[in-house]
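Descriptive structure summary
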Amino acid sequence: MNELTNEQKKLFELLLEVKEICDKNKIDYYLCEYLLTDAIQEGKITGTYHDFSVMIKADDLDKFITEVNKKENRELEGLFNNGKFPGTYFRYVAKDTLYFPIYRK
C-alpha cells in the first residue's frame, strides 16, 4: 500500500468519524464518487482528491447534525450556517485544519 499523504490521512480520519457517528446512531450512509471506486477497486485511498462524498438520507440529517455538534473541534458547514456556501450539500470539517484549493493554469 502506498503511503498516504497528510491530506489523505486527515481525510481518512474524518471518514472514520462519519462512519462512527452513523453506526452509533443507526444512520444509513453510502460512499460515492471516487471514494466508492477506490473502496471497490483498490480497498484504499488512491486518488489525489482532498474531499470525499458520503450520502445520508434527508430523514437522518438532523440526527447526524446533532451528533456532529457534540464533537469537539468538528462542524458541519453548509448553507444553514454560511450564506455564501457554494452548494446544497454539507462539509464535515476539522476546525483546526485548512484546505484552500489553488488552481494553476
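Shown above is the structure to which this text applies.
Residues numbered from 1 in each chain as written. Predicted model: local features only at pLDDT ≥ 70, side-chain atom pairs only at ≥ 80, totals over all residues. Heavy atoms only, no water.

Another aspect to go through is the overall build of the chain. Tallying secondary structure elements over the chain gives three helices and four strands in all. In sequence order, the secondary structure elements of the chain are arranged as α-β-α-β-α-β-β. A fraction of 50% describes how many contacts in the chain between residues 6 or more apart in sequence connect residues 24 or more apart. Looking at the chain as shown, the accessible area adds up to about 8100 Å², and 51% of this sits on carbon and sulfur atoms. (Helix = DSSP H or I, 4+ residues; strand = E, 2+ residues; numbered from the N terminus. Contact = heavy atoms within 4.5 Å. Areas by Shrake-Rupley, 256 points an atom, 1.4 Å probe, with all protein chains shown as cover.)

Further remarks concern the nonpolar core. Ranked by size, the top nonpolar core spans 11 residues in total: Leu14, Val18, Ile21, Cys22, Ile27, Phe64, Ile65, Val68, Leu76, Tyr92 and Ala94. For this core, the elements supplying multiple residues, two or more each, are helix 1 (6-24), helix 3 (58-70) and strand 4 (91-94). Here this core takes four residues from helix 1, the largest share from any one element. For Val18, the residues in contact, after removing those within four places along its chain, are Phe52, Val54, Phe64 and Tyr92. (Core = buried A, V, L, I, M, F, W, Y, C linked by side-chain atoms within 4.5 Å. Buried < 20%, exposed > 50% of the residue type's maximum accessible area, 1.4 Å probe, protein only.)

Covered by surrounding structure in strand 3 (residues 74-77) are Arg74 and Leu76 only, the residues Glu75 and Glu77 on the alternate face being uncovered. As judged from the four bridges shared by strand 3 and strand 4, these two strands associate in the antiparallel manner. Within strand 4, the residue paired with Glu77 across the bridge is Arg91. (Pairing = 2+ DSSP bridges.)

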